[in-house]
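Here is how the chains run, residue by residue.
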Amino acid sequence: MTEKSYTDLRCEQISENIKRIRNEIAEAAIKSGRRPEDVRLMAVTKTVDTCFINHAISECGIDLIGENKVQEFLSKEDELLPCEAHLIGHLQTNKVKQIVGRVKCIQSVDSVKVAKEISKQSVLKNVNTDILLEVNIGHDDAKFGISPESLDEIIDEIAELESITVRGLMTIPPICDDIVKTQRFFENMYRLFLDIQAKKSDNVRVSVLSQGMSADYVPAILAGSNLVRVGSAIFGDRTY
Ligand SMILES: *Cc1c(COP(=O)(O)O)cnc(C)c1O
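Residues numbered from 1 in each chain as written. Predicted model: local features only at pLDDT ≥ 70, side-chain atom pairs only at ≥ 80, totals over all residues. Heavy atoms only, no water.

Q: An account of the pattern of salt bridges is needed here, citing residue identities and associated values.
A: For the structure shown, the criterion picks out 14 salt bridges. Two residues, Asp140 and Lys143, come together in a salt bridge whose shortest N-O distance is 3.3 Å. For Asp140, a relative accessible area of 17% corresponds to the buried category. Owing to a relative accessible area of 23%, Lys143 belongs among the partly exposed residues under this scheme. (Salt bridge = Lys/Arg side-chain N within 4 Å of Asp/Glu carboxyl O. Buried < 20%, exposed > 50% of the residue type's maximum accessible area, 1.4 Å probe, protein only.)

If you want it as structure tokens, here you go:
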């Protein structure tokens, strides 16, 4: 028997992880009155080599990936198999130009200013960009995001912009060791999500609630999430 390489072993681990996570997602979806396919699994690929990302795409059926940094995504893009990609990390206005047209959705829109620039660049490139609004649901000073109180007003302003579509909300709740508290943040997000779903305009078509990461995707789904962003539980701990 030939010895397996590190790469082979890691690929096997990734396959197992995805299988297990899919089962848990399916269970949580059913528990919350939905179908397994109603919840999308995003593989978060920051710091992960493209060979492992491509394994997840070609061998495990991953059809959605998320990257945090514009530069990192662009450096990997040419080596990646075809797959829907979203930007999920904080986006500076001066980097918008580089990312518009390269990803289907920018999940981390946290100001009217950045939304305006995404709109401007989308017009120039003749593309439409989907966006999610990142909400700072825990009023956490250490996090980016729109405060829940100003969400309504900000959506109304963004609704005026061309060539972008608001598809929903994204959040990262404050780190806390009490899962009950975390669950409450997710439930508050779900309420906001239902509120803004009622808004109807040409470029506000809300259907996505992106919440839940490796440590908390099950409670997030139970509270109504329909897109979970999972990194380390798929690819292993990150080494920077
Ligand atoms: C890194 C990251 C994730 C995934 O985190 P894990 O805990 O590794 O699953 C999800 N969302 C965002 C915005 C991230 O930056």
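Moving on from the coordinates now.
Q: Requested: an account of the nonpolar core, with residues and values cited.
A: Formed by 62 residues in total, the largest nonpolar core has its most connected members in Leu133, Ile158 and Leu169. Beyond its immediate stretch of four places on either side in the chain, Leu169 contacts Leu132, Leu133, Val135, Leu151, Met189, Leu192, Phe193, Ile196, Val208, Leu209 and Ser210. The next biggest cluster of nonpolar side chains, apart from the first, holds nine residues, and it includes Val44, Cys105, Met170 and Val208. (Core = buried A, V, L, I, M, F, W, Y, C linked by side-chain atoms within 4.5 Å. Contact = heavy atoms within 4.5 Å.)

Q: Any details on the pairing of strand β4 (residues 105-109)? Residues and values, ideally.
A: Most of β4 is tucked away, with five of its five residues classed as buried. By the bridge criterion, three bridges tie β4 to strand β5 (residues 129-135) in an arrangement that is parallel. Paired with Val109 across the bridge in β5 is Leu133. Note on the crossover from β4 through helix α5 (residues 112-125) to β5: the handedness is right-handed. (Helix = DSSP H or I, 4+ residues; strand = E, 2+ residues; numbered from the N terminus. Pairing = 2+ DSSP bridges. Right-handed = clockwise from strand over helix to strand, strands pointing away.)

Q: Account for the pairing of strand β6 (residues 164-171), with residues named and values stated.
A: Taking burial as the measure, the eight residues of β6 include seven buried ones, the bulk of the element. Pairing analysis gives seven bridges linking β5 to β6, with the strands arranged parallel. When the bridges of β6 are listed, Leu133 appears paired with Leu169. Between β5 and its parallel partner β6, the chain crosses via helix α6 (residues 151-158), and the hand of that crossover is right-handed. With four bridges joining them, β6 and strand β7 (residues 204-210) adopt parallel strand pairing. Of the residues in β7, the one forming a bridge with Gly168 is Val208. Chirality of the crossover, the property in question, places the unit of β6, helix α7 (residues 179-197) and β7 among those that are right-handed.

Q: Can you break down the packing of aromatic side chains residue by residue, with the values?
A: For the coordinates displayed, the defined rule picks out two aromatic pairs. Residues Tyr6 and Phe52 carry aromatic rings whose centres are separated by 6.4 Å and whose planes lie at 90° to one another, so their mutual orientation is edge-to-face. Remark: Phe52 occurs in helix α2 (residues 50-60) and Tyr6 occurs in helix α1 (residues 6-31); sequence separation between them is 46 residues. Pairing Tyr190 with Phe193 gives two aromatic rings, centres 6.0 Å apart and planes at 35°, and the pair type is tilted. With a gap of three residues between them, Tyr190 and Phe193 both fall in helix α7, about one helical turn apart. The cationic tip of Arg10 hangs over the ring face of Phe52; the distance from NZ or CZ to the ring centre is 4.3 Å. (Phe/Tyr/Trp six-rings, centres within 6.5 Å; stacked < 30°, edge-to-face > 60°. Lys NZ or Arg CZ within 6 Å of the ring centre and 35° of its normal.)

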